[in-house]
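Here is how the chains run, residue by residue.
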Amino acid sequence: MKIVDARVIVTCPGRNFVTLKLVTDDGLTGVGDATLNGRELAVASYLRDHVVPALIGRDASRIEDTWNYLYKGAYWRRGPVTMTAIAAVDTALWDIKGKAAGMPVYQLLGGRSREGVTVYGHANAETVEGVLAEVARYVDLGYKAVRVQAGVPGLATTYGVSGDKMFYEPADAAVPTEAVWSTERYLAHTPGVFAQVRDEFGPNLRLLHDVHHRLTPIEAGRLGKSLEPYALTWMEDPTPAELQDSLRLIRQHTTTPIAIGEIFSGIWDCQQLITEQLIDYIRATVVHAGGITHLRRIFDLAALYQVRSGSHGATDLSPVCMSAALHLDVAIPNFGLQEYMRHTAETDAVFPHGYHFADGYLHPSEEPGLGVDIDEDLAAAFPYRPAALPVNRLEDGTLHSW
Ligand code: GCO
Ligand code: MG
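Because the structure is predicted, anything quoted here is derived from the model rather than measured.

A. Broad picture of the domain arrangement of the chain. When its domains are assigned, the chain resolves into domain 1 (3-104) and domain 2 (108-367). In this structure, domain 1 and domain 2 have C-alpha centres spaced 26 Å apart. Each partner contributes residues to the interface: domain 1 has 31 residues there, and domain 2 has 34 residues. Ranking the residues of domain 1 by area buried against domain 2 places Asp33, Trp94 and Pro104 at the top, with a combined share of 24%. Our enumeration of links across domain 1 and domain 2 arrives at 3 salt bridges.

B. A look at the site of ligand 1. Neighbouring residues of ligand 1: 15 residues in total, closest Tyr159, His212, Glu236, Glu262 and Glu339. Side-chain polar atom of Glu236 to an oxygen atom of ligand 1: 2.8 Å apart, as the coordinates give it. Between Glu262 and ligand 1, the recorded distance is 2.7 Å, taken from a side-chain N or O atom to an oxygen atom. Summarising the interface, the protein chains cover 95% of the accessible area of ligand 1, which totals 340 Å² for the free molecule. Class assignment of the residues belonging to the shell around ligand 1 gives a composition of 4 nonpolar, 4 polar and 7 charged.

C. Summary view of the coordination of the magnesium ion (ligand 2). Protein coordination of the magnesium ion (ligand 2) is provided by Asp210 (OD), Glu236 (OE) and Glu262 (OE), with donor distances spanning 1.9 to 2.2 Å. In the primary structure, the donors to the magnesium ion (ligand 2) are separated according to the pattern D-x25-E-x25-E. With Asp210 in strand 7 (residues 206-210) and Glu262 in the loop between strand 9 (258-260) and helix 9 (271-275), this pair connects stretches of sequence that are 52 residues apart. Of the two residues, Asp210 and Glu262, neither departs from the other in class, the shared state being buried.

D. A look at the sheet that holds strand 6 (residues 178-181). Sheet architecture is open: 3 strands sit in the order 6-15-16, paired in mixed fashion. Of all the strands in the sheet, just strand 6 and strand 16 (399-400) have a single pairing partner and so form its edges. Pairing geometry for strand 6 and strand 15 (residues 391-394), over 4 bridges, is parallel. Within strand 15, the residue paired with Ala179 across the bridge is Asn392.

E. A look at the pattern of salt bridges. Within this structure, the stated rule accounts for 23 salt bridges. Note that Lys144 is salt-bridged to Asp359, the shortest N-O span being 3.6 Å. Placement of Lys144 in the loop between helix 5 (128-141) and strand 5 (145-150) and of Asp359 in the loop between strand 13 (356-358) and strand 14 (361-363) is noted, with a sequence separation of 215 residues between them. Across the salt bridge formed by Arg283 and Glu262, the nearest N and O atoms sit 2.8 Å from each other. Of this pair, Arg283 sits in the loop between strand 10 (281-282) and helix 10 (291-304) while Glu262 is found in the loop between strand 9 and helix 9, placing the two residues 21 residues apart along the sequence. Judged by its relative accessible area of 0%, Arg283 is buried. By sharing partners, the salt bridges in this structure join Asp5, Arg7, Lys21, Asp373 and Glu376 into a single network.

F. Unusual backbone geometry, seen in detail. One non-glycine residue with positive phi stands out, namely His212, at about 55°. Topologically, His212 is positioned in the loop between strand 7 and helix 7 (217-227). Positive phi values are uncommon outside glycine, yet Asp359 reaches one of about 55°. Residue Asp359 is classed as exposed on the basis of its relative accessible area of 52%.

So, how was this worked out
Residue positions are counted from 1 within each chain, in the order its sequence is given. Chain letters and ligand numbers both follow the written order, the letters beginning at A and the numbers at 1. Side-chain atom pairs in this predicted model are given and counted only at pLDDT of 80 or more, local residue features only at pLDDT of at least 70, and totals for whole chains, interfaces and linings cover all residues. The side-chain quantities take in all heavy atoms of the structure and omit both hydrogens and water. Note that the domain bounds reflect an automated or database-derived domain assignment. Working rule for contacts: check all heavy atoms of both residues, and any pair within 4.5 Å makes them a contact. Summed over both partners, the accessible area (1.4 Å probe) lost when two parts come together is defined as the buried area. A carboxyl oxygen of Asp or Glu within 4 Å of a side-chain nitrogen of Lys or Arg is what we treat as a salt bridge. By convention in this text, a residue qualifies as near a molecule or strand provided that one of its non-hydrogen atoms is within 4 Å of it. Polar contacts, as used here, are pairs of N or O atoms within 3.5 Å; protein pairs need one atom able to donate a hydrogen and one able to accept it. Residues neighboring in sequence count only if both atoms are side-chain atoms. To measure how exposed things are, a 1.4 Å probe is used in the Shrake-Rupley method; for residues, cover is taken only from the protein chains shown. Each residue gets one of three labels, nonpolar for Ala, Val, Leu, Ile, Met, Phe, Trp, Tyr, Cys and Pro, charged for Asp, Glu, Lys and Arg, and polar for the others, Gly among them. Coordinating N, O and S atoms are those within 2.8 Å of the metal (3.2 Å for Na, K and Ca), and as water is not part of the atoms, a site may appear to have fewer donors than expected. Helix numbering and strand numbering both begin at the N terminus, where a helix is a DSSP run of H or I of at least 4 residues and a strand a DSSP run of E of at least 2. Accessible area is worked out with a 1.4 Å probe on protein chains only. A residue is then buried under 20% of its type maximum, exposed over 50%, and partly exposed in between. Note: two strands are recorded as paired if DSSP finds a minimum of 2 bridges between them.

Structure below.
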């Protein structure tokens, strides 16, 4: 089973996506997501110029060997561009293997460990009243877990609060827009929001919150402590995590569980966080962490340390990534939660897929392979549009993490 064609498809059905499609000599195709928000063309070039020429003629059944060929063979290891490109190839090869076997990919990963994949949606609004109405909307839709983000009085815009409530699209301009941030205003306001949400919805709804890398460890300790009465499922990305050691300081101050990992590209970014039990959920996902092969390795390490999965599932991860994530989610023993931000109707049309949402759960496709494809003719109707993520400054103008 040799790879005879490899196409890199860039399309913008509402937002940019990069997809790799592999074709074998026996006519099977496989797809892999290669979207790196705001840096899409770098991955497209990495694939087109450096990976595709080496794929033609390779045995499509050798997934592990191809992973190592691309990882060790590049000499330059790790990094989001490399690992996203490797992920796209790996995902497409798993898709092909499933089709060759006539089985959904989760069967090749060991079969089901659960009936459905619990997902969380994003309730967000400027005001607390608005937030309560949005949480109610998700509860009505059947969600069992809801991420809550509220506007901060005194700040013109806040991460996670969007105009369109079902789709969040922060990459909003060709050149980064600039937001203003105040840790003091945020820390003063946020616990009160959760007090009202918990009061209104009772103890059983799982509540989450994304800090989006904005605090120092001691500030994060204070936030976690102030949120303890509202029993969050997790506090996400409380600090930038380059310094894995610093998570210990947060741990010393709060029992609010911690989830980190959406910007990680591999196991070396979270090894210490996992083995020293400094986090509770690892949020790496298929497209940015080296594909199904490598993410499985991360989740298996995490299982040894009672760390559960919590894969990133924002709108900038295509339905191809979501399909792949769901096969892993349903198979691994240490699944925690899956983020699920909906895609626009245009995106869903470009990427026909068999996964579906029902009663708070996503269910992977039962078709052989991943159960997702790309309509290349339709994709061609949506040309690439430059779009960058915003930057963030403190009120005095200092550049801060976005
Ligand atoms: C999340 C994320 C996203 C990111 C986005 C960047 O938890 O869903 O933080 O909202 O900001 O994926 O591309
Ligand atoms: Mg996040």
